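# Secondary and tertiary structure notes
Single-letter residue listing:
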Amino acid sequence: LPNGSIYSYGVTFMDRASAPTRKFGFMLAIDKINKGDTNYPDLKYKLKANYVTFTSISSEEAANQIYTDNKDKFETIVAGSLTSGQSATFYKWSDNNIQLPVMSDSATAVPLGDSDTYPYFLRAPQSDDFQGEALGFLINYFDWKEVCIMYSQNTYGIELHKASQKSFGSFGIQIKNEAKYRGYDANFRENIAATRSHLIDAFENMRENRCRIFVFYGTISNVEELLVLQYDLKMHGAKFLHLGTEWMGSLFTKEQSFLRETKIATTLKGTIGLFPPAYIGEFGRRVNNELILMVGGKPSIFAYYAHDEAMLIASGISQVVKENGTLDGRETLVNAMRSSSFTGATGNFQIQNGKNDRETIGFDIYNVQGKEVVRVGSYSPDSTEIISFYDEIIWP
């Protein structure tokens, strides 16, 4: 290179405004990679991180507008805090226009794992197939035979419902009652007045059917409203229990801890739930300590997955450049990333053969105790003891 200059590959991080701490995981990894930290992929050339803040991606037109406003920031690959629906929409737009690979630190919907439909998409978290399976094992562990489900009519809610139905069926667990609602991320609060009557009817129907164990599939913003409504309807206390899914992440992060709200804390008393593990092992704990200092508190769990997105990108670029001298298209880069394997903040990272999903790393099991969320056990599908508990559960 002329005059000893260092070529940099530009990588784009889509920074969702409602999830502001996730980018810090990506920033930390990029900084470590560029400084040549030996715990990170060895990359001869530096990575230039371009951050694009957005609020929503409801259509391909919206994706196009984001690109139009930030053209100079899209270069090699797009990563970031894209939900399942946002990932599918942005991927489709990119495939028809700029043709860059797309990654996500939080998209978990099952269809996105199909490498035939989304050949240039990869994700850092586990698929909802694994979460649905884990829910079945957890319910079966306690020998519960019936659950009641409320799920949002968005990609995440619908696909997790499908995945859990398959798992519940294998254990003979009956879905005693189910209801769906129109929940669309940030717009849910604007819709709540119009849908409140429907939600009250759904809850009253569940009460009539003697529902005791509730499972909500939805995003943080709309589950919060459901929990308040459930409190108002006096559906809380010793006769009711929640099984939490990924929305539980809001209970123990700096971004939003709605256990501060008395109604929600009361409704969630005794809740047990699953959440993806993070800061695994010595390396993960070191990343955790550095992120807490950067953020000034606990970041979103998905910040650690954003961190590992950057590691996967660097690993792929390093492999391609070593073999070919330069990047020569998205297919070569994505194939290199698919074959990469490393230890990240979220543990051993490797993409499943023939899919867009990482190999499963299990789930942590949490229990809401007062206004605290305590890790009490784990779901480890590759272990001889699939469900294990190492701390006491405090029930409602």
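A brief report on the enclosed structure follows. Everything numeric here is computed off the predicted structure, so don't read it as measured data. (Residues numbered from 1 in each chain as written. Predicted model: local features only at pLDDT ≥ 70, side-chain atom pairs only at ≥ 80, totals over all residues. Heavy atoms only, no water.)

## Re the overall build of the protein chain
Within the protein chain one finds 11 helices and 15 strands. What you see for the protein chain is a C-alpha radius of gyration of 21 Å, in line with the 21 Å of a compact globule of 396 residues. With the C-alpha coordinates of the protein chain rotated into their principal frame, the extents come out at 75 × 45 × 40 Å. Long-range contacts, defined as pairs at least 24 residues apart, comprise 72% of the intrachain contacts of the protein chain with a sequence gap of at least 6. In the protein chain, which carries 39 positive and 46 negative side-chain charges, the distance between the mean positions of the two groups comes to 4 Å. (Helix = DSSP H or I, 4+ residues; strand = E, 2+ residues; numbered from the N terminus. Rg over C-alpha atoms; globule rule 2.2 N^0.38 Å. Contact = heavy atoms within 4.5 Å. Lys, Arg positive; Asp, Glu negative; His and termini not counted. Charge placed at Lys NZ, Arg CZ, Asp CG, Glu CD.)

## Some details on the pattern of salt bridges
This structure, assessed with the given rule, holds 17 salt bridges. For Lys-48, the salt bridge identified is with Glu-75, shortest N-O distance 3.0 Å. Highlighted residues: Lys-48 in strand E2 (residues 46-54) and Glu-75 in the loop between helix H2 (60-69) and strand E3 (77-80), separated in sequence by 27 residues. In this structure, the salt-bridge partner of Lys-263 is Asp-232, at a minimum N-O distance of 2.9 Å. Taken as a pair, Lys-263 in helix H8 (residues 262-267) and Asp-232 in helix H7 (residues 220-232) lie far apart in primary sequence, 31 residues in all. Ionic contacts of the salt-bridge type, sharing partners, join the residues Arg-123, Lys-355 and Asp-357 into one network. (Salt bridge = Lys/Arg side-chain N within 4 Å of Asp/Glu carboxyl O.)

## Examining the sheet that holds strand E10 (residues 272-275)
Reading across from one edge, E7-E6-E8-E9-E10-E13-E14-E15 is the order of the 8 strands in this open sheet, with mixed pairing throughout. What marks the edges here is a single partner per strand, and that holds for strand E7 (174-181) and strand E15 (387-389). Neighbouring strand axes in the sheet, compared pairwise and without regard to direction, differ in orientation by 25 degrees on average. Alignment of strand E9 (residues 241-244) against E10, held across 2 bridges, turns out to be parallel. Across the sheet, the residue bridging to Gly-244 is Gly-273, located in E10. (Pairing = 2+ DSSP bridges. Axes fitted to C-alpha atoms, helices over the stretch in contact; angles between N-to-C directions.)

## Considerations on helix H1 (residues 22-34)
Between its first and last C-alpha atoms H1 spans 19 Å; for 13 residues at 1.5 Å apiece the expected length is 18 Å, and the two agree. Of the residues making up H1, those classed as buried are Arg-22, Gly-25, Phe-26, Leu-28, Ala-29, Ile-30, Lys-32 and Ile-33. The inward-facing, buried residues of H1 contact strand E1 (8-16), E2, E3, helix H9 (281-295) and helix H10 (302-324). After H1 finishes, the residue Gly-36 shows a positive phi value of roughly 75 degrees. (Expected span 1.5 Å × (residues − 1). Buried < 20%, exposed > 50% of the residue type's maximum accessible area, 1.4 Å probe, protein only.)

## Focus on the state of the cysteines
Considering all chains together, one arrives at 1 disulfide under this definition. Cys-148 shares a disulfide with Cys-211; S-S distance 1.9 Å. Here Cys-148 and Cys-211 share a disulfide; its torsion about the S-S bond, -75 degrees, makes the bridge left-handed. Of this pair, Cys-148 sits in strand E6 (residues 146-152) while Cys-211 sits in the loop between helix H6 (188-208) and strand E8 (213-217), and the two are 63 residues apart along the sequence. In this structure Cys-148 comes out as buried when scored by relative accessible area, which is 1%. Here Cys-211 falls in the buried class, since its relative accessible area comes to 1%. (Disulfide = S-S within 2.5 Å.)

## Some remarks on the packing of H1 against H9
At a closest axis distance of 10 Å, the pairing of H1 and H9 adopts a crossing angle of 115 degrees. Crossing angle aside, the handedness with which H1 passes H9 is right-handed. For the pair H1 and H9, contact is made by Phe-24, Gly-25, Met-27, Leu-28 and Lys-32 and by Val-287, Glu-290, Leu-291, Met-294 and Val-295, respectively. Here the contact of H1 with H9 is composed, by residue class, of 7 nonpolar, 1 polar and 2 charged. (Left-handed = near helix turned anticlockwise from the far one by under 90°. Nonpolar A, V, L, I, M, F, W, Y, C, P; charged D, E, K, R; others polar.)

## What to know about the packing of H10 against helix H11 (residues 330-338)
Following both chains from N to C, one finds H10 and H11 inclined at 115 degrees, their axes separated by 8 Å at the closest point. Judged by the twist between their axes, the crossing of H10 over H11 is right-handed. Together, Leu-312, Ile-313, Gly-316, Ile-317, Gln-319, Val-320 and Asn-324 of H10 and Thr-332, Leu-333, Ala-336 and Met-337 of H11 make up the contact between the two elements. Across the contact of H10 with H11, the residue classes tally to 7 nonpolar, 4 polar and no charged.

## Comments concerning the environment of Lys-180
With respect to the element layout, Lys-180 can be found in strand E7. Residue Lys-180 is classed as partly exposed on the basis of its relative accessible area, which comes to 43%. In this structure, the C-alpha to C-alpha distance between Lys-180 and Gly-218, residues 38 residues apart in sequence, is 10.0 Å. Apart from residues lying up to four places away in sequence, Lys-180 is in contact with Tyr-151, Gln-153 and His-198.

## What to know about the packing of aromatic side chains
Counted under the stated rule, the structure contains 26 aromatic pairs. Where Phe-142 meets Trp-144, the ring centres are 4.7 Å apart and the plane angle is 20 degrees; that geometry is what we call stacked. For the pair Phe-142 and Trp-144, a shared accessibility class is recorded, and that class is buried. Feature note: the residues Tyr-141, Phe-142, Trp-144, Phe-389 and Trp-395 constitute an aromatic cluster, connected by ring pairs. Positioned over the ring face of Phe-24 is Lys-23, at 5.9 Å from the centre of the ring. Note that Arg-212 overlies the ring of Phe-240, its terminal NZ or CZ placed 5.5 Å from the centroid. (Phe/Tyr/Trp six-rings, centres within 6.5 Å; stacked < 30°, edge-to-face > 60°. Lys NZ or Arg CZ within 6 Å of the ring centre and 35° of its normal.)

## A short note on the side chain of Arg-22
Along the chain, the position of Arg-22 falls in helix H1. The class of Arg-22 is buried, set by a relative accessible area of 7%. Of the polar contacts made by the side chain of Arg-22, one reaches the side chain of Asp-105; its length is 3.4 Å. (Polar contact = N/O pair within 3.5 Å; in protein donor to acceptor, adjacent residues only side chain to side chain.)

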